[in-house]
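# Coordinate inspection notes
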Amino acid sequence: MNQEFIISAFTENHIGLLNRITIIFTRRKINIESLTVSESALAGISKFTIVVNDTQDKVSKVVKQIDKLVEVLKAYYHTNEEMIYQEIALYKVPTEALTSSNQIESLVRQYNARILEVTSDYTVIEKTGKKEETQELFERLNQFGVLQFNRSGRVAITRSPIERLSAFLKDRDKLLASIE
Amino acid sequence: MTPAIQQKVNGADAILKVLIKEGVETVFGYPGGAVLPLYDAIMKYHHKVHHVLVRHEQGAVHAAQGYSRATGKVGVCIVTSGPGATNIITGIADAMMDSTPLVCVIGQVVAPLLGTDAFQEADVIGLTMPITKWNYQITSADEIPEAMAKAFYIARSGRPGPVVLDVSKTAQIQEFDFHYERCNKIRSYVPVQNLRVDKIKEAADLINSANKPYLLFGNGVIISGAEKELQQFVEKTGIPAAWTLLGLSAMDTDHPLNVGMLGMHGNYGPNIKTNECDVLIAVGMRFDDRVTGDVKTYAPQAKVIHIEVDPAEIDKIIKADVAILGDAKKALQKLIEFVKPNKHDEWVNEFKECYKIEHKKVIKKDIYPTKKELTMGEVVRLVAEKVNGDAIAVTDVGQQQMIASRYFKFKQSRSFISSGGLGTMGFGVPAAMGAKLGQPNRQVIAFVGDGGFQMTLQELGTISQYQIGVKIVILNNNYLGMVRQWQQLFFDKRYSFTHLQNPDFIKLAEAYSINARKVTKREDLAGAISEMIDHQGPYLLEVVVEKEDNVFPMVPAGASVSKIILEP
Ligand SMILES: Cc1ncc(C[n+]2csc(CCOP(=O)(O)OP(=O)(O)O)c2C)c(N)n1
Ligand SMILES: [Mg+2]
């Protein structure tokens, strides 16, 4: 049964690694729903967060293939329930729509969004949340004409256990030392 | 760690110095614009690193594969950018599939021209990413030592594989302070897992209480050098063992517990008994679909123990009840401690009974034919008899490959070299060339089809130039035989584009000053084989065989291994 999974991978920050990881999906015709890459808590180590919709069997195999890459420190996968995750969305609406009634302002309040920038022409609103929430706000705002909309990939951290990257690295050093 | 050395050299010289440091004695290559500085250095260091000039880059990469598989060392090939690079793609993919350690040094345009569609620029990193274990672009000379140290380490460690270094001409020319240290660890890379004794014990318990245990072994045994341990293990436990195509020669063919070959054209017993055993021990093999047939009906009754170095292979195709991650040699050593001495004579006898059936229905006709036409099987048998099991057999792909794997005999490991995973026609001749250069004191015999031979026959030029003493046996059925077989069996004999009009192979060999002989009659065969084996230097023997023979037994594609058929 298909289900959403969040794949996390800690990697060295090397050129080409994004490509190396995505071709693992392409080859198996698995669509990447969203992808976020950024530096982790440790300098020089990147964290990939990849959302896919597939069977656990396929996802677990893909994760092993990612883990196998020379420059990947560790890869694993979680269900949505096992992680706390958010996406961020930016919406640009005409400022006129904001000033002509108080509807947009009350949407901003209702959806826990915030206004980032107001000019005479446009207003930029920001909201973090789950995709359904940012999407719902998009649809509500779109009654007034959303000029631009952009949603980020997912950022996610596990509920448990706590991500102890530096401890992991220490263990890895020990492991490497133990292999002749 | 080796002591560091330091001196000012250019990148090209540095590459050669590294090759020497890594113990590389032979490289296969082809020059071009983007490797001109490198070739200058190759000339300079030629007394230490022997360079073999091939006739097509595909020949270089297959030769490096053959060299590596015959010796266990890392194979090295050197080619130019663009077309030189694209010409070795097939061999890189082949090495990836068959876990062959290679370092491919590929020239690249000067750094400022990268990404500009410069003359002979190809995106080598992008092209080879899915078919390499690792690849890296070098644009400045000071990257060379570390990148090359990593390349050799990654290629040979854990589950070996091909590594590509995309070396810009800029880096080859630049001067820098050279300093080399071999690599022995990379933070993000765990080549071999440490053995878990609890898993070993769990496996031993299963084995000790099994009634019909059965062991399958593959290339992993050869890669880890676990041949002795494998033999000790089966002898202590009395367990019958079957090899995969790539596991061939890891055990003596005539060992009483060696029951033969798995796979689509493997032996009868080894296939059907897979579905009768109670414990299946897989060592250094990856359950290729040519081995498993239909996975849903593959050994459903058996508890599976999988000894494997690559974690991604565990549960990939067949779910393991006990997975032992680690080096096959060490795993078997440990396992031997925990298993009880045992015998399974009745069970082993069942394999022998199967062999008798197969012998009567298939093997006898193949290797002792009574019909007029020559068969591939009798040629392979006669060659094997003549060399008395002490030769390296290299094959191309097709019927001749399956016949050679079925009927050649082995006494020594690393004696069967064939393109298994990728099934690359054209592999045979250049791989044999590489194998012979790696093992100059052993007989190297290439069994090739009339089709596959013509894919890389230009390497006769290399063989002739360096007088590489390979024996090439063309088993000429005038067809793309294996494809024709499928057309006969599954497409109502519609032989769509499988008939070949062939050149005069003997004249071809003669054009390259290679001794050659053509055999069409049985009475000439043994003599011709003797002449070939006894000849010093390269030799080409063409044997005209029955055009429409088929390889049996056969597990039809997608069928269960128990549905193996012995006759059409
Ligand atoms: C490069 C490549 N192209 C196509 C194939 C498909 N193929 C597999 S076996 C075969 C026929 C080989 O004919 P030949 O070399 O004469 O060997 P035979 O089967 O007759 O022994 C073909 C075309 C392949 N394996 N490799
Ligand atoms: Mg043929």
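Scoring rules and cut-offs
Residues numbered from 1 in each chain as written. Chains lettered and ligands numbered in written order. Predicted model: local features only at pLDDT ≥ 70, side-chain atom pairs only at ≥ 80, totals over all residues. Heavy atoms only, no water. Helix = DSSP H or I, 4+ residues; strand = E, 2+ residues; numbered from the N terminus. Rg over C-alpha atoms; globule rule 2.2 N^0.38 Å. Buried < 20%, exposed > 50% of the residue type's maximum accessible area, 1.4 Å probe, protein only. Contact = heavy atoms within 4.5 Å. Areas by Shrake-Rupley, 256 points an atom, 1.4 Å probe, with all protein chains shown as cover. Lys, Arg positive; Asp, Glu negative; His and termini not counted. Charge placed at Lys NZ, Arg CZ, Asp CG, Glu CD. Pairing = 2+ DSSP bridges. Axes fitted to C-alpha atoms, helices over the stretch in contact; angles between N-to-C directions. Near = heavy atom within 4 Å. Polar contact = N/O pair within 3.5 Å; in protein donor to acceptor, adjacent residues only side chain to side chain. Buried area = accessible area lost by both parts, 1.4 Å probe. Salt bridge = Lys/Arg side-chain N within 4 Å of Asp/Glu carboxyl O. Nonpolar A, V, L, I, M, F, W, Y, C, P; charged D, E, K, R; others polar. Core = buried A, V, L, I, M, F, W, Y, C linked by side-chain atoms within 4.5 Å. Domains from an automatic or database assignment. Phe/Tyr/Trp six-rings, centres within 6.5 Å; stacked < 30°, edge-to-face > 60°.

## Some points on the overall build of chain A
For chain A, the helix and strand inventory stands at six helices and nine strands. A compact globule built from 180 residues would reach a C-alpha radius of gyration of about 16 Å, whereas chain A, at 20 Å, exceeds it by more than 25%. Principal-axis analysis of the C-alpha atoms places the extent of chain A at approximately 75 × 35 × 30 Å. Every one of the 180 residues in chain A was classed for burial, and the buried ones make up 42%. Taking the intrachain contacts of chain A between residues at least 6 apart in sequence as the baseline, contacts between residues at least 24 apart amount to 74%. Carbon and sulfur atoms form 49% of the exposed surface of chain A, whose accessible area is close to 10,000 Å². The averaged location of the 24 negative side-chain charges in chain A is 5 Å from the averaged location of its 24 positive side-chain charges.

## Let's talk about the sheet that holds strand 10 (residues 241–243) of chain B
Residues and elements named next belong to chain B. Pairing within the open sheet is parallel, and its six strands lie in the order 11-10-9-12-13-14. Both edges of this open sheet fall to strand 11 (258–261) and strand 14 (322–325), since each of them pairs with a single strand only. Looking at each pair of strands side by side, their axes are set apart by 20° on average, direction ignored. Relative to strand 11, strand 10 runs parallel, the two sharing three bridges. In the sheet register, Trp-243 faces strand 11, and the bridge partner there is Met-261. Where helix 9 (residues 197–208) meets the sheet, its contacts fall on strand 12 (279–283), strand 13 (303–308) and strand 14, and the angle it forms with strand 14 comes to roughly 135°. Packed onto the sheet, helix 14 (residues 328–338) meets strand 12, strand 13 and strand 14 and runs at close to 130° relative to strand 13.

## Comments concerning the site of ligand 1
Residue and element names in this part refer to chain B. Taken together, 18 residues lie around ligand 1, and Gln-399, Gly-423, Asp-450, Gly-452 and Gly-481 are the ones closest in. One of the backbone nitrogen or oxygen atoms of Met-425 is found 3.3 Å away from a nitrogen atom of ligand 1. A distance of 2.9 Å is found between an oxygen atom of ligand 1 and a side-chain nitrogen or oxygen belonging to Asn-477. Contact with the protein chains removes 77% of the 580 Å² of surface that ligand 1 exposes when unbound.

## As for the interface of chain B and chain A
Accessible area lost when the parts come together is the quantity often used to give the size of an interface. Contact residues are listed per partner, giving 24 residues for chain B and 23 residues for chain A. Carbon and sulfur atoms make up 54% of the surface buried where chain B meets chain A, a total of about 2,100 Å² over both sides. Across the contact surface, chain B and chain A share two salt bridges. Where Glu-12 of chain A meets Arg-187 of chain B, a salt bridge forms, and the shortest distance between an N and an O atom there is 2.9 Å. At the junction of chain B with chain A, the criterion picks out nine residue pairs in polar contact (both at pLDDT 80 or more). Mapped by element, the contributors of at least two residues to the side of chain B that touches chain A are strand 6 (134–138) and helix 7 (144–156) of chain B. Residues that form the side of chain B that touches chain A fall into these classes: 11 nonpolar, four polar and nine charged.

## Some words on the nonpolar core
Residues and elements named next belong to chain B. In terms of nonpolar packing, the biggest core is built from 84 residues, with Leu-215, Phe-217, Phe-233, Ile-281, Ile-305, Phe-408 and Phe-447 touching the most fellow members. By residue number, the principal contributor to this core is helix 16 (residues 376–387), which donates seven residues. When we break this core down by domain, the ones giving at least three residues each are domain 2 (197–351) and domain 3 (374–544). Dropping the residues within four chain positions of it, Phe-408 is found in contact with Thr-253, Val-380, Val-383, Ala-384, Val-387, Ala-391, Ala-393, Ile-403 and Phe-447. If you look at the next biggest cluster of nonpolar residues, it comprises 49 residues, including Leu-102, Phe-453, Ile-468 and Ala-509.

## Describing the pairing of strand 9 (residues 155–158) of chain A
Residue and element names in this part refer to chain A. Of the two faces of strand 9, the one holding Ala-156 and Thr-158 is buried and the one holding Val-155 and Ile-157 is not buried anywhere. Taken together, the four bridges between strand 5 (residues 83–94) and strand 9 define a ladder with antiparallel strand orientation. What sits directly across from Gln-86, in strand 9, is Val-155.

## Considerations on the packing of aromatic side chains
All names here are of chain B. Within this structure, the stated rule accounts for 21 aromatic pairs over all chains. Consider the rings of Tyr-214 and Phe-351, whose centres lie 5.0 Å apart with planes at 55°: the pair is tilted. Of this pair, Tyr-214 sits in strand 9 (residues 213–217) while Phe-351 sits in helix 15 (residues 345–367), and the two are 137 residues apart along the sequence. Like Tyr-214, the residue Phe-351 is buried in the burial classification. Ring centres 6.1 Å apart and planes at 80° place the aromatic pair Trp-243 and Phe-410 in the edge-to-face group. Of this pair, Trp-243 sits in strand 10 while Phe-410 sits in the loop between helix 17 (399–407) and strand 16 (416–417), and the two are 167 residues apart along the sequence. Neither residue differs from the other here; Trp-243 and Phe-410 are each classed as buried.

## Re the domain arrangement of chain B
All names here are of chain B. When the domains of chain B are assigned, the result is domain 1 (7–178), domain 2 (197–351) and domain 3 (374–544). Centre-to-centre separation of domain 2 and domain 3, based on C-alpha positions: 31 Å. Facing the 20 residues of domain 2 at the interface are 19 residues of domain 3. Contact with domain 3 buries area across many residues of domain 2, yet Leu-245, Ser-249 and His-265 alone supply 38% of it, more than any other trio. Taken together, the links from domain 2 to domain 3 amount to one salt bridge. Of the charged contacts, one joins Asp-254 and Lys-409 as a salt bridge, the two residues approaching to 3.2 Å between their closest N and O atoms. If you look at where domain 2 meets domain 3, you find nine residue pairs in polar contact (both at pLDDT 80 or more).

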